[in-house]
2 protein chains.
Amino acid sequence: MPVLVMKFGGTSVATLDRIRRAAKRVGVEVAKGYDVIVIVSAMSGETNKLVGYVEETSPLFDAREYDAVVSSGENVTAGLMALTLQEMDIPARSWQGWQVPVKTTSAHSSARIEEIPSDNILRKFAEGMKVAVVAGFQGVSPEGRITTLGRGGSDTTAVAFAAAFDAERCDIYTDVDGVYTTDPRICEKARKLDRISFEEMLELASLGAKVLQTRSVELAMRYKVKLRVLSSFEEMSDEGGTLVCDEEDIMESKVVAGVAFSRDEAKMTLVTIEDRPGIAAAIFGTLADAGVNVDMIVQNVSELNYKGHVGGVTDMTFSCPVNQVARAEKALDDAKAAGILNFDKLESERDVAKVSVVGIGMRSAAGVAAKMFKVLSDENINIQVITTSEIKISVLIERKYMELAVQALHDAFDLDKAA
Amino acid sequence: MPVLVMKFGGTSVATLDRIRRAAKRVGVEVAKGYDVIVIVSAMSGETNKLVGYVEETSPLFDAREYDAVVSSGENVTAGLMALTLQEMDIPARSWQGWQVPVKTTSAHSSARIEEIPSDNILRKFAEGMKVAVVAGFQGVSPEGRITTLGRGGSDTTAVAFAAAFDAERCDIYTDVDGVYTTDPRICEKARKLDRISFEEMLELASLGAKVLQTRSVELAMRYKVKLRVLSSFEEMSDEGGTLVCDEEDIMESKVVAGVAFSRDEAKMTLVTIEDRPGIAAAIFGTLADAGVNVDMIVQNVSELNYKGHVGGVTDMTFSCPVNQVARAEKALDDAKAAGILNFDKLESERDVAKVSVVGIGMRSAAGVAAKMFKVLSDENINIQVITTSEIKISVLIERKYMELAVQALHDAFDLDKAA
């Protein structure tokens, strides 16, 4: 039997009624002859509740215990989905990550899947089981402890299962009906895309468009998994949603495919730090060891012999998620106390946001950056940090201007009109 | 280091503040030099919520999926307790049932612990860990699926760990400060007992005094585990609570130690069933296979050749928890349809309660039953079913008379006065 992977996000399994609705969709695919692997998230709100418990208990938590706590929400949904399918007379059972087992690295809270043995589930399919319901987001480390894959990790679980079982397709059911040019809640002119390339989706995912976890798109690109994003709240059809696919499968594309943003950013600056070979490695090694996900990095031009410093000094600015600021501050202050780093001051700004334009067409079209900066300037929005890649330009701005910036850029690049 | 087992029930870990309070008690024992194994229940209300989800999803649920769902609450508490202890600079980590592993039978939802390998946790103690936090109530079957031990199963987990680790004592922290002559919410004259024998505790536990799970008392009796029940809401002391111990450790005891009751009982009667050898085995085998916990059983005097039945006929009455009535009805109707049983009618009464008097002194004192029946008769309470054992007498009565019966019996046997 061909295998199909179907993933249901938190809002798609938020209540017992929604679980039933999702199960009916699974039933439709089973009736077509598929053996189905269903990946489920925690019921909407559950994971946030559990994360809240952990953070209140221990602000600088042991990530192994964090994982043990927050992974429990998916286990509940997996069991309930299996029971719902059984009630529909569809042979089904649930698997928790350690039961498959979904083998991951030991990087707790952001583990990577290393192997998914398929024999256990395939044997059950051979025995007549039609649906394997797997708790997403979780796995087990070589030490036998529970790991999680980071927020949105169930998408990655789904794509990894699709790759391991050579699935015909991986359908991601979510609360939106596809991938949009930007978030319709921010910009009412946002338009749904029928297709988007893996590369563009990767940038959009990593830039804060919360439709798919970045890692899931990377995996899908590497293993050529046909990935479809579609809504669990609309009528089911074989043509709905957005197909994430290879660049060559997209007929015509615009220079800019979408505008992404990320609201909960923070900007941190190490003021007057000695500018010597290895200083960046010392700073960002310290932050990586503390589990801080550094995003943008800017180093100022160096000044020589500033205030008696031997050698040059500089300022180093970086951005990270706002909820990691306390952790970053502690790690850097500890490194200073230990003599590993030497800086005058650490400044943290918690009220910034990141806005980005993304498009594979930017590779061949010039002037996109210039146009973006002009649009923001016309709106009197100050740009604090800039980074670019081959197919995207990102800027850090004051959070209060974020919506204005997204709307202005969406208009300027004609994203409300089809290519 | 000597090992101490401390178990905290749902109300003792109902909030993050209460978990902190419980962790402080653990800290006191660690400071005395113990290696501590902490067994935790789910936060109060969580298990009921999960059971509610399962029952709404699938009234005749697959017990394997039930276990996978309802065991998740304990995992959350275990992780949070470990984090709380770490915040107090006490080296601690959490274990889920499958990680220890707590090896059980495959009888899902009412599994029995078969083995608890101690090497894994003892090695961690040897490495300097002071507290092992273990999720109660759960284990893993030979097939690698999650099992649970029945409601209140965390008590059993605690006693089993105390036996496996040869612990000095097993302290059960709960929302009451010990074992009472009856439930103080029903009878204000109820009095706390300083000591109670394993045998009496066993009867009280199995009769609905919800302080300890029956199985935990059985295990403690068999393995001579010193078991103490005490409140997590009072000041900690080495002398508080009730010690559950051998009969010979109790100086003087009364004929009746306590009055127990169980509110959520149902009475079912198979009307006009053929009376032949093997009929009871057929009925109760059917019910056992369906997972119905039958308690009291009464068979009426047989009638010969009733309404054309070949051979004798009789009525068979039994009691079971009220939430298992639907399951029992289905199992019996199915057995009738399959020709395994032949009865005219199945009557279910959902509004009965069980009231019992318990005491080891009953072995040598006569007239306890007669006195009990007289007391109930004086209150005009009709007795529907009676069962007795060496140290207890139980009756099934209409639920609305339950409180009245408990109070009258408590008075009649002078339970408000010490021996």
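Everything below is about the structure printed above this text.
Residues numbered from 1 in each chain as written. Chains lettered and ligands numbered in written order. Predicted model: local features only at pLDDT ≥ 70, side-chain atom pairs only at ≥ 80, totals over all residues. Heavy atoms only, no water.

Colleague: Whenever I open this one, the packing of aromatic side chains confuses me. Can you help?
Modeller: For the structure shown, the criterion picks out nine aromatic pairs over all chains. Taking the centre distance of 4.8 Å and the plane angle of 15 degrees together, the rings of phenylalanine 8 of chain A and tyrosine 173 of chain A count as stacked. Taken as a pair, phenylalanine 8 of chain A in strand β1 (residues 3–8) and tyrosine 173 of chain A in strand β9 (residues 169–174) lie far apart in primary sequence, 165 residues in all. The class for phenylalanine 8 of chain A is buried, based on a relative accessible area of 0%. Aromatic side chains phenylalanine 161 of chain B and phenylalanine 165 of chain B sit 5.8 Å apart centroid to centroid with 10 degrees between the ring planes, which places their arrangement in the stacked category. Across this residue pair, the class does not change: phenylalanine 161 of chain B and phenylalanine 165 of chain B are buried. Over the ring of tryptophan 95 of chain A we find arginine 93 of chain A, and its NZ or CZ is 3.9 Å from the ring centre. Over the aromatic face of phenylalanine 343 of chain A sits the side chain of lysine 336 of chain A, whose NZ or CZ is 4.8 Å from the ring centroid. (Phe/Tyr/Trp six-rings, centres within 6.5 Å; stacked < 30°, edge-to-face > 60°. Helix = DSSP H or I, 4+ residues; strand = E, 2+ residues; numbered from the N terminus. Buried < 20%, exposed > 50% of the residue type's maximum accessible area, 1.4 Å probe, protein only. Lys NZ or Arg CZ within 6 Å of the ring centre and 35° of its normal.)

Colleague: It is not clear to me how the sheet that holds strand β6 (residues 131–135) of chain A should be interpreted in this structure. Could you clarify?
Modeller: Pairing between the strands of a sheet is mediated by backbone hydrogen bonds and can be parallel or antiparallel. All names here are of chain A. Spatial ordering of the open sheet is given by β3-β6-β2-β1-β9-β13-β14-β12, a layout of eight strands whose pairing is mixed. Edge positions in the sheet fall to β3 (92–95) and β12 (195–197), since each of these pairs with one other strand and no more. Each adjacent strand pair in this sheet contributes to an overall mean axis angle of 20 degrees, direction not counted. Relative to strand β2 (residues 35–40), β1 runs parallel, the two sharing six bridges. Note that in β2 the partner of leucine 4 across the bridge is valine 36. On the sheet, helix α1 (residues 16–31) packs against β1, β2, β6, β9 and β13 (227–231) and is oriented at approximately 170 degrees with respect to β1. (Pairing = 2+ DSSP bridges. Axes fitted to C-alpha atoms, helices over the stretch in contact; angles between N-to-C directions. Contact = heavy atoms within 4.5 Å.)

Colleague: So what exactly am I meant to see when it comes to the sheet that holds strand β14 (residues 242–245) of chain B here?
Modeller: Residues and elements named next belong to chain B. If you walk across this open sheet you meet the eight strands as β3-β6-β2-β1-β9-β13-β14-β12, and the pairing is mixed. Since the sheet does not close on itself, it has two edges, and those belong to β3 (92–95) and β12 (195–197), each with one partner. Along the sheet, successive strands turn relative to each other by an average axial angle of 20 degrees, direction set aside. Strand direction decides the pairing type here: strand β9 (residues 169–174) and strand β13 (residues 227–231), joined by five bridges, are parallel. By the bridge assignment, tyrosine 173 is partnered in β13 with leucine 230.

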